[in-house]
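A structural walkthrough
Here's the letter readout for the chains.
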Amino acid sequence: MEQRIKKVREFETAFANYLGVKYAVAVSSGTAALHAALYAAGVSHKDEVILSPLAHPETAHVIRYFDGVPIYTDIDLATGCLDPDAVRWRISGNTKAIIATHYAGRPCDMEALAKLTADKDIVIIENAAQALGAGYKGKKVGTVSSLTTFDFSHPQGVYTEIGGMVVTNSEEYYGWLRLFRDTGMMYRREELVKDEGPWHFEAQEIGFNYRLTSMQAAAGLSQLEKADAMQFQRSQIARSYYTGLAGVAGLQLPPQSNEYEPAWYSFPVLLEGEFISKRRQIVEYLLGHGIPVDVQYYPIYLHPIYLWQGHPDICTIEGPLCPRAEEFYSRVVNLPVYPGMDERKVMQIITHFKKVLGQ
C-alpha cells in the first residue's frame, strides 16, 4: 500500500508542478473529480449549481448526488461555453457553485464569470475534462479558479484509461478533497481527534473510495512529460482544419482569439442552412468512411432521467430551457483531433467533409 501511495503522490506532485498550482489530488475518474470538487465547495441539500447543458450528463449527476439542484444556463452560440450574461440572471440566493465546462477544450470566459461572483459566496469549479493544456489570457487552465477538475479517460495529453485529478491553491480545499477521496478516513496523526495508539485511524466523513492505482499513476507520470508536445500537435491539426475548411459554404468554424488557447479535444463546426436538416446523413457518411466524428452534447436536461424528475428548472413544456444550447446541439459536428493524426489523415477528413457537403 505504501508503494501505491508513493507513486500516486509522485504523480500528484508532478501534475501540480506542470500546471503551477500548489495542490493536486488524484482520483479514480473524471466523475469522481467533479464529485470531490463539489464536496470541497460545500454543496449540499437544495443548493443550486449553475452549469451548461452542453456537457456529459455526469456533470449534473454529481450535483444530484448531494441532492443539489442543477440550474441549466444557456451558452454562447459561437463557442458552446457558458454565456456569462445568461449566468448573471440565473444566480440566486441559493446558488452555491458554478461549473464552467470548457467545451471541446475551449476555455470559458473565466474573467467575466469571476466578476459575477466577486462579492458572493459562490465557488467556481472549472470542468477541464477536455481542456488539459488549454490556456486562458496567458494562464494555464487549472490555475485560474479555486477548483479545477481533469479527466484522464480520453486520449489527450495524459491518458490512464480511467482516472482524474482535482487541482487547487487552497490548503483547506486540499484537505477536504483528500478526505473525501480516501473514504472519509483520517490517517494523519496530527489531525486525529483521539490518540488510541500507533494503529489508530478515524472515520471523520462519509467519503468514497476514489483512489487512483499505482499503475495508473505511473502511466500518467510517463505521459505528462509529453503533454506539451501533444498539445502542440493538436493545435497544428486545428490550424489545418481552419485552412482546409475556410470559405466552405454551409459551415461556421470555431471563433479564434489571441486570448484563448483551446486544448482542441475536438474541432466543433456548426452546420448552416440546408445542411442542418441533413446532419445525420452527413455524420453517417463520415463514419462510414472511417472518420470518427461525434456530436457533443445532447443537452443534459433532455435526457429521460432529468425530464422525469419534475423540477421546474427541468420542465420544458413551455419551450426550450436553453434555446441556444439546443440550437448548437442541432447544428454541431465534432471533427476528430487526437495524437497520432498526420497531415494525410487530416486532409482525408477535410476532403470527405467537403464532398458530403457537395463541394
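Conventions adopted
- Residues numbered from 1 in each chain as written.
- Predicted model: local features only at pLDDT ≥ 70, side-chain atom pairs only at ≥ 80, totals over all residues.
- Heavy atoms only, no water.
- Buried < 20%, exposed > 50% of the residue type's maximum accessible area, 1.4 Å probe, protein only.
- Helix = DSSP H or I, 4+ residues; strand = E, 2+ residues; numbered from the N terminus.
- Polar contact = N/O pair within 3.5 Å; in protein donor to acceptor, adjacent residues only side chain to side chain.
- Pairing = 2+ DSSP bridges.
- Axes fitted to C-alpha atoms, helices over the stretch in contact; angles between N-to-C directions.
- Contact = heavy atoms within 4.5 Å.
- Phe/Tyr/Trp six-rings, centres within 6.5 Å; stacked < 30°, edge-to-face > 60°.

1. Points about helix α2 (residues 30-40)
- For α2, the buried fraction is high: 11 of the 11 residues fall into the buried class.
- Looking only at α2, the buried set comprises G30, T31, A32, A33, L34, H35, A36, A37, L38, Y39 and A40.
- Near the N-terminus of α2, the side chain that reaches the backbone nitrogen of T31, with its oxygen 3.4 Å away, is that of S29.

2. Considerations on the sheet that holds strand β4 (residues 95-101)
- Overall, mixed pairing links the 7 strands, which are arranged β1-β9-β8-β5-β4-β2-β3 in an open sheet. Here the strands that pair on one side only, and so sit at the sheet edges, are β1 (23-27) and β3 (69-72). Strand-to-strand twist across the sheet, computed as the mean angle between neighbouring axes with direction ignored, equals 20°.
- Bridge count for β4 against strand β5 (residues 123-127) is 5 bridges, and the pairing is parallel. For I98, the partnering residue across the bridge sits in β5 and is I124.
- Across the sheet, α2 is in contact with β1, β2 (48-51), β4, β5, β8 (147-151) and β9 (164-168); its angle to β8 comes to roughly 165°.
- Packed on one face of the sheet, helix α3 (residues 58-65) meets β2, β3, β4, β5 and β8 and runs near 145° to β3.

3. Digging into the packing of aromatic side chains
- Scanning the entire structure with this criterion turns up 21 aromatic pairs.
- Between Y72 and Y306 the ring centres are 6.4 Å apart and the planes differ by 75°, which places this aromatic pair in the edge-to-face class. Placement of Y72 in strand β3 and of Y306 in helix α10 (residues 304-309) is noted, with a sequence separation of 234 residues between them.
- Residue Y72 is classed as buried on the basis of its relative accessible area of 1%.
- One aromatic cluster in this structure is built from Y39, F66, W176, F180, F208 and Y210.

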